[in-house]
Amino acid sequence: MAPRDPEATKARIFAAAMDEFAAYGIAGARVDRIARNANANKQLIYAYFGDKQQLFHQVLEKAVLDVAESVTTDIEDLDTWIDEHVDYHREHPELLRLLMWEALELGPGSSTAGEVRAERYQQKRVKVGAAQGKGLMRADMPPGYVLLLLMGMINYPAMLPQVVPFILDGPDDVDTIRAWTKDAIRRVVGAPQ
């Protein structure tokens with residue numbers, strides 16, 4: 001009999017829960033399916049993570065921390081900032097799916113990792129403000145609005161990939177979308193020439 005490895009079991013549960021919640025949301029997710037896909041006992045899920053909603057919050061919090069560690073916050077290098085965000089969301093579609101489920105099922109009053117996210121967005125706003133102060137971005141728009149526009153332009157195609165072929169009248173071309181997104185962002189938030 002192999003020795004028990006609680007950390008490996010937790011990691012398997014977490015990975016299975018990430019897939020389950022991204023696909024089905026909180027209401028549609030099934031703890032039985034998570035346990036089966038993690039090759040773990042259902043009771044261990046409750047013991048390690050609490051109820052299904054608590055598990056969802058922990059999964060989303062990890063996803064939020066993962067993206068924070070994976071993409072640059074150096075907004076002054078706008079092309080790299082855009083590229084890293086576009087690439088991250090293409091490689092990790094589960095983050096945006098989890099965020100959409102959070103919005104649909106929990107609403108704004110029950111945000112996951114509120115303090116961590118607030119701090120992260122505050123850091124980004126400060127960096128946008130610094131870029132504005134250096135003349136790298138338009139200064140007539142509050143930093144939070146600049147950030148919101150940037151995120152919207154980058155995230156929309158990744159959040160709603162089923163809509164992209166209708167809008168573009170053809171298949172999704174990552175390089176072309178990326179190029180037009182960069183162009184649009186420069187025109188919307190760039191410093192006046």
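Scroll up to find the structure this text is about.
Within any chain, residue numbers begin from 1 and follow the written order of that chain's sequence. Local features in this predicted model are restricted to residues whose pLDDT is 70 or higher, and side-chain atom pairs enter the listing and the counts only when it is 80 or higher, whereas totals over whole chains, interfaces and linings include all residues. Think of the side-chain values as coming from all heavy atoms in the structure, minus any hydrogens and water.

Peer 1: Hey, could you run me through the overall build of the protein in this one?
Peer 2: The secondary structure listing takes helices from DSSP runs of H or I that are at least 4 residues long and strands from runs of E that are at least 2 residues long, numbered from the N terminus. What the protein contains, in helices and strands, is ten helices and zero strands. Reading the secondary structure of the protein in the N-to-C direction produces α-α-α-α-α-α-α-α-α-α. Its C-alpha atoms give the protein principal-axis dimensions of about 70 × 40 × 35 Å. Only heavy atoms matter for contacts: two residues are in contact if any of them lie within 4.5 Å across the pair. Once local pairs closer than 6 in sequence are excluded, the contacts in the protein between residues at least 24 apart make up 64%.

Peer 1: I'm lost on the packing of aromatic side chains in this one. Help?
Peer 2: Here the distance between the centres and the angle between the planes together describe a pair of aromatic rings. Ring geometry is summarised as follows: Phe, Tyr and Trp rings, the Trp one being its six-membered ring, pair when their centres sit within 6.5 Å, and such pairs are stacked at plane angles under 30 degrees, edge-to-face over 60 and tilted between the two. By the definition in use, this model includes three aromatic pairs. Relative to Phe-56, the ring of Phe-21 has its centre 5.3 Å away and its plane inclined at 85°; by these criteria the two rings are edge-to-face. With Phe-21 in helix α1 (residues 6-28) and Phe-56 in helix α4 (residues 52-70), this residue pair connects regions lying 35 residues apart in the sequence. Here the term buried applies to any residue with accessible area under 20% of the maximum for its type, exposed to any over 50%, and partly exposed to those in between, with areas from a 1.4 Å probe on protein chains only. Classification of Phe-56 by relative accessible area gives buried; the value is 0%. Measuring from centroid to centroid gives 6.2 Å for Tyr-48 and Phe-49, while their planes differ by 80°, and the two rings are edge-to-face. Using a relative accessible area of 8% as the deciding quantity, one classes Phe-49 as buried. A ring has a charge above it when a Lys NZ or an Arg CZ is no more than 6 Å from the ring centre and no more than 35 degrees off the ring normal. A cation over a ring is seen here: Lys-10 above Tyr-48, with NZ or CZ 4.9 Å from the ring centre. It is Arg-33 that lies over the ring of Tyr-24; its NZ or CZ is 4.2 Å from the centre.

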